[in-house]
Number of protein chains: 4
Amino acid sequence: MFSKFLSLDEEKQMRILNAAIKVYVERGYDNASTNAIVKEAGISKGLLFHYFQNKKTLYLFLFDYCLDMVMKEFYEKVNLEERDFFARLRQISLIKMELLNKFPDIIRFFEKAILEEANDIKGDFKEKIFSVKSSTAIFDDIDTSKFRDDIDIQKAIKSILWTFEGFSNEVLTKAKALNLKKPDYEEVFSEGEQYIEMFKRSFYK
Amino acid sequence: MFSKFLSLDEEKQMRILNAAIKVYVERGYDNASTNAIVKEAGISKGLLFHYFQNKKTLYLFLFDYCLDMVMKEFYEKVNLEERDFFARLRQISLIKMELLNKFPDIIRFFEKAILEEANDIKGDFKEKIFSVKSSTAIFDDIDTSKFRDDIDIQKAIKSILWTFEGFSNEVLTKAKALNLKKPDYEEVFSEGEQYIEMFKRSFYK
Amino acid sequence: MFSKFLSLDEEKQMRILNAAIKVYVERGYDNASTNAIVKEAGISKGLLFHYFQNKKTLYLFLFDYCLDMVMKEFYEKVNLEERDFFARLRQISLIKMELLNKFPDIIRFFEKAILEEANDIKGDFKEKIFSVKSSTAIFDDIDTSKFRDDIDIQKAIKSILWTFEGFSNEVLTKAKALNLKKPDYEEVFSEGEQYIEMFKRSFYK
Amino acid sequence: MFSKFLSLDEEKQMRILNAAIKVYVERGYDNASTNAIVKEAGISKGLLFHYFQNKKTLYLFLFDYCLDMVMKEFYEKVNLEERDFFARLRQISLIKMELLNKFPDIIRFFEKAILEEANDIKGDFKEKIFSVKSSTAIFDDIDTSKFRDDIDIQKAIKSILWTFEGFSNEVLTKAKALNLKKPDYEEVFSEGEQYIEMFKRSFYK
DNA sequence: AATGAATGAGGCTTCATTCAT
DNA sequence: CATGAATGAAGCCTCATTCAT
């Protein structure tokens, strides 16, 4: 289906994909006009539709493409031997930070895709996201014996994960408000560590 | 400014507002075409612009209108005497559930508005949301003496609030996935109670 | 046809007519929205159409109304006894200045009407203007014996009139460029006098 | 900026420009609907906006385009060696007649543009006209020694130019009234000559 | 493969005019 | 006589998609 596109030299592939990502991140699906994409990519309108049936197909492909890229990184780096929940959390948080550093546009692409509202593509994005979430059990095989016995472990884990989600948003929002390109990762790390300590003191034996 | 609209008989006002809300919730700002709104409301295109200068003004009005409606409910029901954090949390969660029951569309309108990405209105929505958030300190004046001394109270509170946010999203997503119009509130309440118990056991003295 | 309008108390008549003139002068026929007119006049939309079949009828009436007003002034003041061409020219120029002073809006209304381009009304205005021009022979019965014999009197008169037209536009344009509400009439008069002297020296015996 | 348009084959360019001119001349800026233009040009709505950002840009381009066309003709033919005012005037009048013959629509386009009242474009047209007027001093370097000493030369020149302006309008209006496509240029020339003779006799030594 | 001209539906908005009250 | 809510056509402009070259 995308054989035409994939047999392109890599530089041109990247130019097109990055253009599509950039425009999408800046404007969302509806306002990501094909005009803007081809202009940014430096190709002709016709060519875009030569490679991708239509705008929707382009972004569906882009989603999968970005996902692959990120997943590969992820699985290379996460150490599944480590069974302590907080050690794992620390690891994953670090990897997330690195990803944000390494592929900032791609990550922003996902952030937007998660919230996409355009009827045309909303459903397809949601489906993909759902199937990713349910297939990646990065917190499986945790050593539960360390948790206090009077604590519902599933709920505790959820709380901690939601907390880190909220904390991450807080950090991003603050950085944006201060017009920083990236948060100060030292500081973020140290504050994250404080949350971890708090949860350890409270939920572990 | 909206005097024309406000002097309309209430039935028609509601028809128009509900149409605008419905279309917005289904499609987002950009795709909430005025065509769709007037069709849903059963009025002519011209009439919409007789009442509202333009699409943006309509949705800005709608935001304030919905906010008033919700705020009124809220302030009638929250008991500011109660200083125990979890008691207050329980109260507020209950009120949220009731609101969701009473004004499901309005609440969904806000959920979307918070995440709105359409350049045209994003900023204005964010501003309004910000000024609401900073003016309503529903967790002020909490009795902090009950928290463990080795716990950073601000971080603990944030964790709990983020947890309840995450929990609430989980509930909503599950309900949607099961094609339920509303979650089973009994169940939600009981599960929420379990989270509260867990936090009390962990963060209180 | 306009009996309804004419039986209105004069104050209201004037309010409506002045509103129509003002809006027309500021925006031209096409952009003179009935909304703007009724707002300026402080009456309802329906009422305007109660008095005037439609927008076109209103402005056709207005043209005649303004013309009457101006003509009355004109014929009261021009002295047809005076047979010297330049004396008559001086007279007429003075009357024009006075009119401009007394009915600035009405005169501006005519200035615009003469140039009106809106298809809807262009033809009717042009016709009215034509029939006025051809019926008012304010330079009839001139004493031609004073002109040099080697001069074509008709051409000389035309030259002088076109010169005064050009001069008048020049004055108005200058005033506008300097942001003056009215030209400095002293100065205009004295410069006009110089043109008259020049022509006298050149065209008279 | 207009590269897309300019790289079109000339026939189509002309079809579009002539359509825009025709519609403009007939109806003025406000009423020159893009619908009418594309219909007249036999192209789709979208295509017009593919070439020109918007209606205003189209007409600004058209102005410059027409001006170039006319200016080229003008400068090819005017002889700046000739220092006698009337000889120069005769030259220029002849060139004007030829232009009117060669580009009747373009000339009518300017006639209208000069008087344009549409707020959207009035200012820009005025500016362009102003900069043309001030840059083209077609009556510079005149031999003033031939004028009578008791005559204000500036005023004399203005009179003559205004007279020729008036005369030109008279000719055009008459032709239109008689439903002629063009005036009878023989006759016009001979009548113009009579004006020149009259002024020579009166203003020259 | 590659271009970009060409299309036409659909989006927001304005406005003269009508009509129920 | 007076109001202003209501209509719908028409205006400008955008955009995904097609197609001849």
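Above this note sits the structure.
Rules used in this analysis
- Residues numbered from 1 in each chain as written.
- Chains lettered and ligands numbered in written order.
- Predicted model: local features only at pLDDT ≥ 70, side-chain atom pairs only at ≥ 80, totals over all residues.
- Heavy atoms only, no water.
- Contact = heavy atoms within 4.5 Å.
- Near = heavy atom within 4 Å.
- Polar contact = N/O pair within 3.5 Å; in protein donor to acceptor, adjacent residues only side chain to side chain.
- Helix = DSSP H or I, 4+ residues; strand = E, 2+ residues; numbered from the N terminus.
- Nonpolar A, V, L, I, M, F, W, Y, C, P; charged D, E, K, R; others polar.
- Buried area = accessible area lost by both parts, 1.4 Å probe.
- Salt bridge = Lys/Arg side-chain N within 4 Å of Asp/Glu carboxyl O.
- Least-squares fit on C-alpha atoms with pLDDT ≥ 70 in both.
- Buried < 20%, exposed > 50% of the residue type's maximum accessible area, 1.4 Å probe, protein only.

Asks: How would you summarise the arrangement of the chains if you had to cite specific residues and measurements?
Replies: At the level of C-alpha atoms, the two units chain B and chain C stay apart, their nearest approach being 11 Å. Left apart from each other, chain B and chain D have a closest C-alpha approach of 21 Å.

Asks: Give me the lowdown on the protein's contact with DNA strand E, citing residues and values where you can.
Replies: In the vicinity of DNA strand E lie 32 residues, with His50 and Tyr51 of chain A together with Lys12, His50 and Tyr51 of chain D positioned nearest. Taking all atoms of DNA strand E within 4 Å of the protein, the share assigned to sugar and phosphate is 64%. Here a phosphate oxygen of DNA strand E and a side-chain polar atom of asparagine 35 of chain B are 2.9 Å apart. Within the backbone of threonine 34 of chain C, a nitrogen or oxygen atom sits 2.7 Å from a phosphate oxygen of DNA strand E. When residues of the surface near DNA strand E are traced back to their parent elements, those giving at least two are α4 (45–51) of chain A, α3 (34–41) and α4 (45–51) of chain B, α4 (45–51) of chain C together with α4 (45–51) of chain D. The biggest single contributor to the surface near DNA strand E is α4 of chain A, with 5 residues. Here the residues of the surface near DNA strand E are counted per class, giving 10 nonpolar, 14 polar and 8 charged.

Asks: Outline the interface of chain D and chain C, supporting the account with residue identities and numerical values.
Replies: Buried accessible area, meaning the area lost when the parts come together, often serves as the stated size of an interface. Chain D puts 29 residues into the contact, and the matching count from chain C is 30 residues. Interface area lost by chain D to chain C is led by Lys155, Trp162 and Met198 of chain D, which between them contribute 24%. In this structure, the connection of chain D to chain C is made through 8 salt bridges. Here lysine 155 of chain D ties to glutamate 191 of chain C by a salt bridge, and the two come within 3.8 Å at their closest N and O atoms.

Asks: Now, about the relation of the copies chain D and chain C: what can you tell me, with residues and values included?
Replies: Here chain D sits on chain C after a turn of 177° about the axis and a move of 0.3 Å along it, with an RMSD of 0.6 Å. The transformation relating the two chain copies, once decomposed into turn and shift, fits a two-fold axis. Measuring from the rotation axis to each C-alpha of chain D, the shortest distance belongs to serine 202 of chain D, at 2.4 Å. A shared interface surface links the copies, since 97% of the contact residues of chain D are contact residues in chain C too.

Asks: Break down the pattern of salt bridges for me, citing the residues and quoting the values.
Replies: Applying the stated criterion across every chain yields a total of 72 salt bridges over all chains. Here arginine 108 of chain B makes a salt bridge to aspartate 105 of chain B, at a shortest N to O gap of 3.4 Å. Within this pair, arginine 108 of chain B and its partner aspartate 105 of chain B are both found in helix α7 (residues 104–115), separated by 3 residues, close to a single helical turn. Look at aspartate 105 of chain B and you get partly exposed, because its relative accessible area is 36%. When the shortest N-O distance is used, the salt bridge between glutamate 193 of chain C and arginine 90 of chain C registers 2.7 Å. Taken together, the residues span a long stretch of sequence, with glutamate 193 of chain C in helix α10 (residues 185–203) and arginine 90 of chain C in helix α6 (residues 85–102) at a distance of 103 residues. Each of Glu73, Lys77, Glu98 and Lys102 of chain A takes part in a single network of salt bridges with overlapping partners.

Asks: Give a detailed account of the interface of chain A and chain B, specifying residues and quantitative values.
Replies: Counting from both sides, the interface comprises 30 residues of chain A and, opposite them, 29 residues of chain B. Taken over both partners, the interface formed by chain A and chain B buries close to 2,600 Å², and the fraction arising from carbon and sulfur atoms is 51%. Contact with chain B buries area across many residues of chain A, yet Lys155, Trp162 and Met198 of chain A alone supply 24% of it, more than any other trio. For the pair chain A and chain B, the interface holds 8 salt bridges. A salt bridge links glutamate 117 of chain A to lysine 112 of chain B; the nearest nitrogen and oxygen atoms lie 2.5 Å apart. Here chain A and chain B share 11 residue pairs in polar contact (both at pLDDT 80 or more) between them. Secondary-structure elements contributing two or more residues to the side of chain A that touches chain B are α2 (10–31), α7 (104–115), α8 (119–135), α9 (153–177) and α10 (185–203) of chain A. Looking at the side of chain A that touches chain B element by element, the count peaks at 9 residues for α9 of chain A. Looking at the side of chain A that touches chain B, its residues break down into 10 nonpolar, 7 polar and 13 charged.

Asks: Pulling in residues and values, what's your account of unusual backbone geometry?
Replies: Here aspartate 141 of chain A, not a glycine, exhibits a phi torsion of approximately 60°, which is positive. You can see aspartate 141 of chain A is positioned in the loop between α8 and α9.

Function cannot be read off these values alone, since they describe shape.
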